[in-house]
Amino acid sequence: MDLLTLITFLPLATGLVLVALSRLLPARTWRWVGLAGTLLTFLLSLQLWAGFDPAQGGYQFLHHVPWIPSYGIHWFVGIDGMSLLLVVLTTFLMPLALLGSWTDIEKSPRSFVFFNLFLETGMLGAFVSLNLFQFYVFWEVMLIPMYFIIGIWGGPRRIYAAMKFFLFTMAGSLLMLIAMLVLYFLHAEQFAGALNFDLIAAPGASTAGLLDTLVPIAENAAVPWWKTQAWLFFAFALAFGVKVPIVPLHTWLPDAHVEAPTAGSVVLAAVLLKMGTYGFVRFALPLFPVAAETYAPVIFTLAVIGILYGSLVAMVQKDIKKLVAYSSVAHLGFVMIGIFALNEEGLQGSILQMVNHGLSTGALFLLVGMIYGRRHTRDIADFGGIAKPMPVFAALFGIVVMSSIGLPGLNGFVGEFLILAGAFLVSPWIAVAATFGVVLSAVYLLWMYRRVFFGPCDNPENMGLLDLGLREKAVVVALLVPIVWIGVYPDPFLTRLEASVGDLLHRMEKTASAARSEAQPSEVHQAGAARSEAQGAEDLAAIRYGRSPR
Amino acid sequence: MVETAATSELLRCIVLLPLIGAVVHGVMLGLVRRELPRGLVIAISCLAPALAFLVTLVAFFQLRDLPAGQTALVDGVYTWIGAGRLVAEMSFLFDPLSAVMCLIVTGVGTLIHVYSIGYMDDDHRDDGGFQRFFCYLNLFLAAMLLLVLGDNLLVMFLGWEGVGLCSYLLIGFWFGDRWNAYCGMKAFVVNRIGDFGFLIGIFLILWALADAGGATLDFREIQAAMPAIVERTVAVPTWLGGEWRLTTLIGLCLFVGAVGKSAQIPLYVWLPDAMAGPTPVSALIHAATMVTAGIYMVCRMSFLYAEAPGASAVIAWTGAITALFAATMAIAQTDIKKVLAYSTVSQLGYMFLAAGCGAYSAAIFHVGTHAFFKALLFLGSGAVILALHHEQDTDKMGGLRRHLPWTHKLFAIGVLAIIGFPGLSGFFSKDEVLLAAYTAHVPGHQALWAIGVLTAGITAFYMCRLHFRTFFGESRVPQDIVHHGIHEPANTVLVPLAVLAFFSIFAGLAGFPDPYGEQLGVPESNSLAHFLEPVLAQPPHHVELATELGLAALATTMAALGAGLAWFLYVSRPELPARFRARLSALHRLVENKYYVDELYDALIVRPLVGISDRVLFRGIDAGLIDGVVINGSARTVRGLASGVLKYAHGGLAQGYLVTMVVGTLAVLAWLLRG
């Protein structure tokens, strides 16, 4: 069986087997089998890591199976360096998330395991999809398990949070669905009516993919507005922007994070948010390069607002988990800036930073979960001086905080530095403003760390706190390994990104110049502006069909 | 450029040795949860810097014996960060400049490690505090060596932030006290503000060089590329002059980093509070090594500052004003370590004064001598503090020379060295600095010189005041401390003091001024400056012997006046200061409270920022506007619509939505799969 397909469905298959075998198996067995399934998935994904050829720019491990061929819907998977990193991040974090909430879940623990496995398949499927329809299916499917994880195992306001999460994402993606269909028919218009959702040509086939579609730019008056790059980009950006989240679309995130159980928060922060940024890189940039370039300043501005706003709001939070949630808003702002720097430094930095944020924020949520499990509060004011009873916890928490602050030598710095350097090369002032966020991250995280861990341990409830057990230590240390590795020797990661990022930029440049030259003969059409719209569209189509599929 | 350097794999060992020490301690403490026996902890943590010192010596001789034309050792380990146009190697550079710094860091570092054995002996006997302390100390040394040995700005920045981390950890070492934890955090955050400037400087260099043919952060490559960017200018707001040289802008940005790390105005506020850490930490990190990193960076980038006269003038003036300002604050302090802290800020100001005047080797000279005598003073104060069972207030000291004769004598050597007693190390290095100001081509250099001389007088006053109040006069030691006994500290404490005292006396000979040397028949007697010449350009002027002697005499007179005044006020007529205090109570309070700068920052920056974030951003925009009005408002509207118009779809928004979605999906699937 194809490796990517296997990796994608192994978690769900594990879950289904569990369901099929018997609900009567003890919850313990469910947990162990679930853990085994995720671990096996991780091991398989390491095979991807090993087998991936970093020198090659395009997609690898391609697998194409006709699904509904008459509509261009296929099972089409493949990865490049960017999706490779995110796939491995996902498979690496999933077992840790399960282990991290090993003892927390009391209410229907079996379903909890099942939904987590279901969720993993959803996320992996989205990362490996090379068919837009297939991507959309996974993009939406992923919501269902997450909705239940928050809604069933969440905190007191879980229903509100789950609903908010669901509606925000849904509202965003509906517009994307429409844009996808526009794109789909645009593609058909240009390629002799060929219906295809595949991003690129299937292996061995000569058909064109969606990425070969020439999306017109607005300079051409004969093109209706809803077919232009600007509007399609906007529709995609809205869907992805909610997920990232870009300020002001972010208010679902603190609620979802605070209410979600530990495993939910970890996955939400570490992987689900990356769906948004990944969506920009995978779809929005190569499909609408001109719009991406044109609206980069808008995104820059929003991202910088996100960094400063997220940091300042994080600073005044009283709940540790909410603080970490707002810090995500700030960190993802960095990622957005790097992406829209549209150069190799920024993009490589951004994708690395997606992984970094997954590791450090994932670790932070796990650690917060551990203290919550002991004290059943996350209020900063309830703590103080707990470095005394919990020295190991304090030390590990401290290292993760430093990674999140972007201390050189740990992972966060490498990503942030590349992002800021890349941004500075195109837009110095944006980079300067964003760099100020680096100062703020130290303020809010260290302030929280000081109030929780330092000072006298004078609350009697904190004096007897037990330090981390073996399982908990193992989970955190497992996360520290890549945190230090990327900080000290990021080369294996960066080399895997190099060719893919170069390929993306090259493709964008090519498509953008094609779209621009397409817009040139616009005088012809302006003359005919009086003619009926249908006629104009026909003319345009005639011009387009002349383009030979690659 | 590159062929002027030989390869040597010794350099990585210098960094790795203390790093290994730190990692061993860290793993034992953090994961194994087993404190090693004390003997083993001492062996590991003191051997690491001692070996690093020996390796540095070997490298130093290798460097000295390099064939003509080669002026540096390099050690490229691996590519650290490489993406697009940006490549930063993990590589080390050992040229005369880093050699001098490295010797100081490992040498003084080793002594302070030994001293710490005695100082930390009675601390935290059971919870691993002893080992934790040495873990941080070793880690600090590794980071400091990275900073010094880094071959490019990024490795330097790695060390730069690393020492900041260790400083944070060590200031807050006794974290059970809220104040210590607060001071540690303050140090880190203030340094981060400086690092913000440092980072912008790095980006500016990348940006400028990317246009000029190749982005690089490698010091020697930047130097080689300087001609391409020297002529470039950047537009700045008209009230700043409309147009600046790019080098000036870069220089100023990097200097912001130095201002943070080396505690200059306006970012000096963290250093006095950093005294919350154990005394060996104050000596090593907050006097001898880390805080001089800013000066080291300016000297390392001297090829850039030489082309940035505007930035250099700012550096010189910042240094001079800080020197004076901090010295006045030291006058009214009663905490023995606080006095030394302000004195450190003031001395760092001297170093920047020299660097800003283009006398980079004079700056490094003062870094070196200051490392010895300030470490001596701090460790001496630590011996006093230890003898008085952790009492730091000089109001509760006095007459201690009877109880602590050795400490008294050694401390006196430190005092004499810092006030520039003729012949001692501080005399030579301070004169070099003042001479540099006197002859510099910086706007207002006479004023700079005058400030320097005035500060020398104040320095002599407050240092002698400190010494007299501690060791002379009537004892003010509280009875309970006297009852416990006041004893000279252990030998592990005294021996490092003696070694430092030796260097405080004689280290000045390394920079014996050429004009004096010529008189004595020793050509090129300023061996330090000549050793540094391949890296640090000398100011071109030649100085007459008479000028040199005249300036020295003036500064010495000034110092003598200050010292004499202190003797008069605190030994002959000890009742006078109280009367002055009563007369000038407003002024005294202003100085004693450090001009209320901390309070000012708190009122102007910290509280408004927290207030706005909480009330406007969080409660106002996030919870109020976005969630309250837009989201919940539209939800209410939709619900209203739904109940009004679409009565049949009752049952809540999400359920309806879910049902519609599931039905729709099934319908589509059925339709698609029909054939």
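Residues numbered from 1 in each chain as written. Chains lettered and ligands numbered in written order. Predicted model: local features only at pLDDT ≥ 70, side-chain atom pairs only at ≥ 80, totals over all residues.

Novice: How should the overall build of chain B be read in this particular structure?
Specialist: Check the secondary structure of chain B and you find 27 helices and five strands. Expected size for 675 residues packed as a compact globule is a radius of gyration near 26 Å; at 29 Å, chain B falls within 12% of this value. Over its C-alpha atoms, taken along the principal directions, chain B stretches across nearly 105 × 65 × 60 Å. Buried positions account for 54% of the 675 residues belonging to chain B. (Helix = DSSP H or I, 4+ residues; strand = E, 2+ residues; numbered from the N terminus. Rg over C-alpha atoms; globule rule 2.2 N^0.38 Å. Buried ≥ 20, exposed ≤ 12 C-beta atoms within 10 Å, placed from the backbone.)

Novice: What is the right way to look at the confidence of the model for chain B in this model?
Specialist: Predicted coordinates in regions of low pLDDT should not be interpreted in detail. Residues and elements named next belong to chain B. With 93% of its residues at a pLDDT of 70 or more, chain B has an overall mean of 87. Mean pLDDT across the secondary structure elements of chain B bottoms out at helix H27 (residues 653-672), with 60, and peaks at helix H11 (residues 293-300), with 95. For this predicted complex, the interface confidence comes out at an ipTM of 0.90, alongside a pTM of 0.91. (pLDDT = per-residue confidence, 0-100.)

Novice: Sorry if this is basic, but what is going on with helix H8 (residues 246-261) of chain B here?
Specialist: Spacing of three or four residues puts side chains on the same side of an α-helix, whose turn is 3.6 residues. Residues and elements named next belong to chain B. Taking 1.5 Å per residue as the helical rise, H8 with its 16 residues ought to reach 22 Å, and the 23 Å between its terminal C-alpha atoms agrees with that figure. The buried fraction of H8 amounts to 16 of the 16 residues, a majority that puts the element mostly inside the structure. In the segment just after H8, Ala263 is the residue with positive phi, at about 55°. (Expected span 1.5 Å × (residues − 1).)

Novice: So what exactly am I meant to see when it comes to the interface of chain B and chain A here?
Specialist: Interfaces are frequently sized by the accessible area removed from exposure as the parts join. Residue-level contacts link 45 residues of chain B with 52 residues of chain A. Listing elements by their share of the side of chain B that touches chain A, those giving two or more residues are helix H1 (10-32), strand E2 (72-83), helix H5 (153-171), helix H6 (178-211), helix H26 (597-644) and H27 of chain B. Looking at which element gives the most residues to the side of chain B that touches chain A, the answer is H6 of chain B, with 15 residues. Residue composition of the side of chain B that touches chain A, grouped by class: 29 nonpolar, eight polar and eight charged. (Contact = placed C-beta atoms within 7 Å. Nonpolar A, V, L, I, M, F, W, Y, C, P; charged D, E, K, R; others polar.)

Novice: Explain the domain arrangement of chain B here, please?
Specialist: The domain boundaries assigned to chain B delineate domain 1 (2-579) and domain 2 (596-672). Averaged C-alpha coordinates put domain 1 of chain B and domain 2 of chain B at centres separated by 53 Å. (Domains from an automatic or database assignment.)

Novice: I'm lost on the packing of helix H18 (residues 445-471) of chain B against helix H23 (residues 545-572) of chain B in this one. Help?
Specialist: A pair of packed helices is characterised by two quantities: the angle between their axes and the separation of those axes. Residue and element names in this part refer to chain B. Two elements in contact, H18 and H23, have axes separated by 7 Å at closest approach and are oriented at 30°. By crossing handedness, the relation of H18 to H23 is classed as right-handed. Contact with H18, carried on its side by Val453, Ala456, Gly457, Ile458, Thr459, Ala460, Phe461, Cys464, Arg465, Phe468 and Arg469, involves Leu554, Ala555, Met558, Ala559, Leu561, Gly562, Ala563, Leu565, Ala566, Trp567, Tyr570 and Val571 of H23 and no other residues of that element. In terms of residue class, the contact of H18 with H23 is built from 18 nonpolar, three polar and two charged. (Axes fitted to C-alpha atoms, helices over the stretch in contact; angles between N-to-C directions. Left-handed = near helix turned anticlockwise from the far one by under 90°.)

Novice: Would you mind going over the domain arrangement of chain A with me for this structure?
Specialist: Residues and elements named next belong to chain A. The domains assigned to chain A are domain 1 (1-292 + 500-550) and domain 2 (295-488). If you look at the interface, domain 1 gives 37 residues, while domain 2 gives 37 residues. Taken together, the elements giving at least two residues each to the side of domain 1 that touches domain 2 come down to helix H3 (81-100), helix H9 (252-259), helix H10 (262-287), helix H11 (289-294) and helix H20 (491-519). Its residues placed into classes, the side of domain 1 that touches domain 2 shows 27 nonpolar, eight polar and two charged.

Novice: What exactly am I supposed to notice about the pairing of strand E3 (residues 86-94) of chain B here?
Specialist: In summary, the side chains of a regular strand alternate between the two faces of the sheet. In terms of burial, E3 of chain B is largely enclosed, as eight of its nine residues are buried. The hairpin turn running from E2 of chain B into E3 of chain B, its antiparallel successor, is two residues long, and Gly84 of chain B in that turn takes a positive phi close to 60°. (Pairing = 2+ DSSP bridges.)

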